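The lines below spell out each chain.
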Amino acid sequence: MPRPGFVLDVDRSTPPILFHHGEGFRLERLPADRSRVIYPAEPLPALRHPDEAIRQALCNPVGDSPPLPELLRAGMKLTIAFDDISLPLPPMQRPDIRQRVIEAVLDMAAEAGVDDVELIAALALHRRMTPSELRHALGDRVYDAFAPHGLLTNHDAEDPDNLVELGTTDAGEVVEMNRRAAESDLLVYVNINLVSMDGGWKSTATGLSSYRSLRHHHNVRTMEHSTSFMDRHRSELHHSNWRMGEVIRSSGPRIFQIETTMNNNVFGTEGPMAVLQKREWEWTARDRVSFTAMRKGLEQLSAANRRRIFQNWKAPHAMTSVQAGEVEAVHEVTLEHTYAQHLVPVEGQTDILTMGLPYICPYNVNSIMNPILVMCLGLGYFFNLYRGKPLVRKGGVLIMSHPTPWEFHPVHHPSYIDFFEQVLAETTDRHEIEQRFEKSFAEDEWYRHLYRTSYAYHGVHPFYMWYWGSHALAHLGRIIVVGGDVRAVRRLGFQPASTLTDALEMASDVVGRDATVTHVHNPPILMADVT
Amino acid sequence: MSGRHGAERNRLPVNGRALATTAKAVAPAMMARAKQSVRAALPDGLAPPTMPGGIEPPPSRRSVGIDYDTDWARTYPARLARVVLLEGMVRPGVTALARPTVRGLDRLDDLDGPAIFAANHHSHLDTPLLGTTIPDPWRHRLVIGAAADYFFGNRLTAPLSALVVGAIPIERQKVSRRSADEAAALIDDGWSFLIFPEGGRSPDGWGQPFRGGAAYLSLRCEVPVVPIHIEGTGRILRKGRSLPKPSPTTITFGTPLHPRTDEDSRRFASRLEREVAALADESRTDWYEARRRAHAGATPPLQGPEVGAWRRTWDLGDRSPRRKRRARWPEL
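Given the structure is predicted, the values throughout are model-derived calculations rather than measurements. Residue positions within a chain follow its written sequence, with the count starting from 1. Just so you know, chain letters begin at A and ligand numbers begin at 1, following the order they were written in. Predicted model: local features are reported for residues with pLDDT of at least 70 only, side-chain atom pairs are reported and counted for 80 or more only, and whole-chain, interface and lining totals are derived from all residues.

So, on to the overall build of chain A. The helix and strand tally for chain A stands at 21 helices and 20 strands. For this measure, only C-alpha atoms enter the radius of gyration; the expected value for a globule follows 2.2 Å times N^0.38, where N is the number of residues. Computed over its C-alpha atoms, the radius of gyration of chain A comes to 22 Å, within 12% of the 24 Å expected for a compact globule of 531 residues. Dimensions of chain A, computed from the C-alpha atoms along their principal axes, are close to 70 × 55 × 45 Å. The proportion of buried residues among the 531 residues of chain A is 57%. A pair of residues counts as a contact when their C-beta atoms, built from backbone coordinates, are separated by no more than 7 Å. The contacts of chain A with a sequence gap of at least 6 include a subset with a gap of at least 24, amounting to 80%. Helix and strand definitions here come from DSSP, where helices need a minimum of 4 consecutive H or I residues and strands a minimum of 2 consecutive E residues; each element is numbered from the N-terminal end. Whether a residue is buried, exposed or partly exposed is read from the other C-beta atoms within 10 Å of its own C-beta, which are placed from the backbone; 20 or more gives buried, 12 or fewer gives exposed, and intermediate counts give partly exposed.

Moving on, we get to the overall build of chain B. A count of helices and strands for chain B gives 12 helices and seven strands. Across the 332 residues in chain B, those meeting the buried criterion constitute 35%. A sequence separation of at least 24 residues applies to 74% of the contacts in chain B between residues at least 6 apart.

Hydrogen bonds along the backbone pair up the strands of a sheet, which may run parallel or antiparallel. Residues and elements named next belong to chain A. Two strands pair under a simple rule: DSSP has to find at least two bridges between them. Pairing in this open sheet of six strands is mixed, and the strands run β7-β6-β5-β10-β11-β12 from one edge to the other. The sheet is open, and its two edges are formed by β7 (152–154) and β12 (319–325), each paired on a single side. Between one strand axis and the next, the sheet turns through 20° on average, direction left out of account. Across five bridges, strand β5 (residues 77–83) lies against strand β10 (residues 186–190) in parallel orientation. Considered in β10, the bridge of Phe 82 is made with Val 190. Interaxial angles span 0 to 180 degrees and are taken between N-to-C directions of axes, which are lines fitted to C-alpha atoms, for helices over the stretch in contact. This element, helix α3 (residues 97–112), spans β5, β6 (116–122), β10, β11 (255–262) and β12 of the sheet and lies at about 170° to β5.

All right, on to the environment of Pro 524 of chain A then. Residues and elements named next belong to chain A. Along the chain, Pro 524 turns up in the loop between β19 (517–520) and β20 (527–530). What makes Pro 524 buried here is the crowd of 22 C-beta atoms within 10 Å. For Pro 524 and Asn 265, which are 259 residues apart along the polypeptide, the C-alpha to C-alpha distance reads 7.1 Å.

All names here are of chain A. Pairing is parallel across the open sheet formed by three strands, whose spatial order is β13-β20-β15. For this open sheet the edge positions go to β13 (343–346) and β15 (386–387), each flanked by a neighbour on one side alone. Pairing geometry for β13 and β20, over four bridges, is parallel. Across the sheet, residue Val 346 finds its bridge partner in β20, namely Val 530.

With that settled, the discussion passes to the interface of chain A and chain B. Of the residues lining the interface, 17 residues belong to chain A; the matching set on chain B comes to 12 residues. Contributions of two or more residues to the side of chain A that touches chain B are made by α1 (50–59), α3 and α4 (131–146) of chain A. With seven residues, the top contributor of residues to the side of chain A that touches chain B is α4 of chain A. Throughout, the ten residues Ala, Val, Leu, Ile, Met, Phe, Trp, Tyr, Cys and Pro are labelled nonpolar, Asp, Glu, Lys and Arg are labelled charged, and all others, Gly among them, are labelled polar. Partitioning the side of chain A that touches chain B into residue classes produces seven nonpolar, three polar and seven charged.

Let us look at the packing of α4 of chain A against helix α11 (residues 287–295) of chain B. Two elements in contact, α4 of chain A and α11 of chain B, have axes separated by 7 Å at closest approach and are oriented at 95°. Judged on the interaxial angle alone, α11 of chain B and α4 of chain A are roughly perpendicular. Residues Arg 141, Val 142, Asp 144, Ala 145 and Phe 146 of chain A of α4 of chain A lie in contact with α11 of chain B, whose contacting residues are Trp 287, Tyr 288 and Glu 289 of chain B. Here the contact of α4 of chain A with α11 of chain B is built from residues that sort into five nonpolar, no polar and three charged. Between 65 and 115 degrees an angle is taken as roughly perpendicular, under 35 as roughly parallel, over 145 as roughly antiparallel, and anywhere else as oblique.

What follows deals with the domain arrangement of chain A. By convention, interface size is frequently given as the accessible area that disappears when the constituent parts associate. Residues and elements named next belong to chain A. Delimitation of the domains relies on an automatic or database domain assignment. Per the domain assignment, the segments making up chain A are domain 1 (6–39 + 347–530) and domain 2 (50–262). Computed from C-alpha atoms alone, the centre-to-centre distance between domain 1 and domain 2 is 29 Å. Contact with domain 1, which involves 30 residues of that partner, is made by 26 residues of domain 2. Secondary structure elements with two or more residues in the side of domain 1 that touches domain 2: β15, α15 (430–436), α17 (445–453), α18 (461–468) and α19 (470–475). The greatest single-element share of the side of domain 1 that touches domain 2, amounting to four residues, is contributed by α18. Tallied by class, the residues present in the side of domain 1 that touches domain 2 amount to 18 nonpolar, seven polar and five charged.

By definition here, a helix of n residues has an expected span of 1.5 Å times n minus one. Between its terminal C-alpha atoms helix α10 (residues 285–300) of chain A stretches 23 Å, which fits the 22 Å expected from 16 residues at 1.5 Å a residue. The element α10 of chain A is barely covered by neighbouring structure, given that only one of its 16 residues are classed as buried.

Turning our attention to the packing of α3 of chain A against α4 of chain A. Residues and elements named next belong to chain A. Close contact between α3 and α4 brings their axes to 7 Å; oriented N to C, the two are set at 35°. Residues Arg 98, Gln 99, Ile 102, Glu 103 and Leu 106 of α3 form the contact with α4, whose own contacting residues are Ala 137, Leu 138, Gly 139, Arg 141 and Val 142. Classifying every residue of the contact of α3 with α4 by side-chain character gives five nonpolar, two polar and three charged.

With that out of the way, let us pick up the environment of Asp 287 of chain A. All names here are of chain A. By the element assignment, Asp 287 lies in helix α10. Residue classification places Asp 287 among the partly exposed residues on the basis of 15 C-beta atoms within 10 Å. As for Asp 287 and His 238, which are separated by 49 residues in sequence, their C-alpha atoms are 42 Å apart. Dropping the residues within four chain positions of it, Asp 287 is found in contact with Val 275 and Lys 278.

All names here are of chain A. With respect to the helices and strands, the residue Val 114 is situated in the loop between α3 and β6. For Val 114, a count of 21 C-beta atoms within 10 Å translates into the label buried. With 38 residues separating them along the chain, Val 114 and Met 76 place their C-alpha atoms 6.4 Å apart. Ignoring any residue separated from it by four or fewer positions in sequence, one finds Val 114 in contact with Leu 72, Ala 74, Met 76, Leu 78 and Ala 109.

With that out of the way, let us pick up unusual backbone geometry. Residue Pro 88 of chain A is bonded to the preceding Leu 87 of chain A through a cis peptide linkage, with omega at -15°. Among the secondary structure elements, Pro 88 of chain A is positioned in the loop between β5 and α3. The peptide bond linking Asp 136 of chain B to Pro 137 of chain B adopts the cis configuration, its omega dihedral lying at 5°. Inspection of the secondary structure puts Pro 137 of chain B in the loop between α4 (126–133) and β3 (142–147). Of note, the phi angle at Ala 124 of chain A is positive, near 50°, even though the residue is not glycine.

See the structure below:
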């Protein structure tokens, strides 16, 4: 039976605590008697027979939906959309959940004699998936059956001929959708719900939409009013998507939603990375030797080689649940399973929140974690992994550990380079950035061209990354980055520190000398249930 | 000069068949004389006893064929030797000859414990090819059902078959409880089993009907059967040919099959054959096409079309990846 997550009160006998630090690690001693560490739950048991579970879910849907086989018939137009490269994190070992689910769906479609089938990577404004990434996600059989005929495509949010406007929400939000998906007799959406933010109407209303739709909820106001965007019932981001879902329900295609949850087995229970998933006082002599060797070995390598090693890691995630049917009913069941893995009860807020940021976030798979993504991972994702209240009090301090290199992937993140060099050089104020710069980046023809024909994120994407941290920026009194590139950290508007001790000293200017400290031991992923 | 005349000119001035007949006739006498010499050379007590006159000698126990004892080939030293032979000699040879493309291994991800691997059979190369392709952990605890009359027919091939590929003798001329008992005992002991349910290599490039052995063992031992389709080994070393010709091959692993509650071994064998046929279809076309045909009951059978012999051969010819698709006459 896996142990649940828990909160450790740090005393003098507590061993040094592991901080992820990009493609490296730090061991840090936290101040005794005023610090605590939140540990994630151990990985939940995997479904013993995942393929059978998928089949059962498709044949026994939840909510107001007939079983999938009853929705399939010869002569129909079927579209299967699926989550893109940003999920799961890190990418999982083969077979990917998407492959398992899509093979099961296609097998039923084959049984019904469906000819007209297309598969779409629902990537919104993310970069297109490469053939090898698609092959990894869908498996050789699906890829070889559809890609050569042009029936497996990446969604293109900048192709006016391939988009259709479905209507407008009560709040005046335009709902635009991929034409093939919108004009299908049935749209099957295959989700990987890594965190509670994923899934629901966000899958179709965001994944298959365009900038015209996305700008209604990917903005500073929405993100500041999402407290947090990981808590669907208190997230303005989700409220907007749910409103769009109503329009899709009334004017769009019939949707059969499939959502899957996975355990947080990120580093495995065996092998060189397994130590990263253990609690520090349980490290054996072998763990300590392997950790030291790994850390020292990584220090000897170039940044590119370190990145190559980490990006090649495929996590042994396993599926813990699968449910299918009507979008909202499915998503409520999914949330229960996600929370069962991630939620850790925490009492009270803290003055200083510390976090070690790992090498990966949703937008740098097989790529480089540039400074904007560091900000987005820390202030966007990690800060928002709470339910109830933020872990850190209003006006508190956030200390993040990451090398924050002044480095960008020129193919994947071209607009990030200009955002960092031009926009952040002028201002870091999110409102001003949104007002003055967003439109020109979003409508820039060169970025459009790169998004559509190369493997670049959309021109507006770095803005969204900045907005992702809006709630944290509005909430925090100071942000300090330990061990980061000093110039890059300052460009972000944060304060650099060489060591955690220095950072705590700097934080004391804001929150006093006896401030409480809380460290989130993430990854593996956890979500604080703060009361 | 034609090839035939050339071959005749190079033939040795020895009649091989006459030589073999003579050797067969004189061998027992020579063996008896050798035994006599040994007996004479040894002191009493050590020399093997002679048979008294008037006593009927007990029937000699056969030590080859179906009676060959292969227990020694599953001891640790023998397994170690097999790994060395497979990895050091067999794998490079197979890779050079067959250049295998392996598909569908992910279908075995949820497979736990021993299994029966059942494949179509075109060539002697199938066994070493699968012996090096079936993944861990099954590969190193794998026994192979091999024809007792062919592979265990004499004292040279029997130990070689047992050692190199981990074969056990299977009676294929008649139904044998002994073969089944031995295979079942090994499966119960945690060994996986590779079997070619067609019972022999394809005589014409098309498949043959599946026999019930694999299905029977699966029902008896309650282990799944993994269908496998091998494509291309017939081009390398088909039945009747003695020299191999390199050519690419494709091995497609299918989803492990469990017998259904209402299935006997005959019906299960027929489902297994359909699954292998569907894998054949998948390797020729694509997965979705193959699934559609499988569900519609329109998967092309392994045995090929029921037409005249020349048309079967004609249909077979286009499968070679090296051979370009020729326009059929008449082109309409």
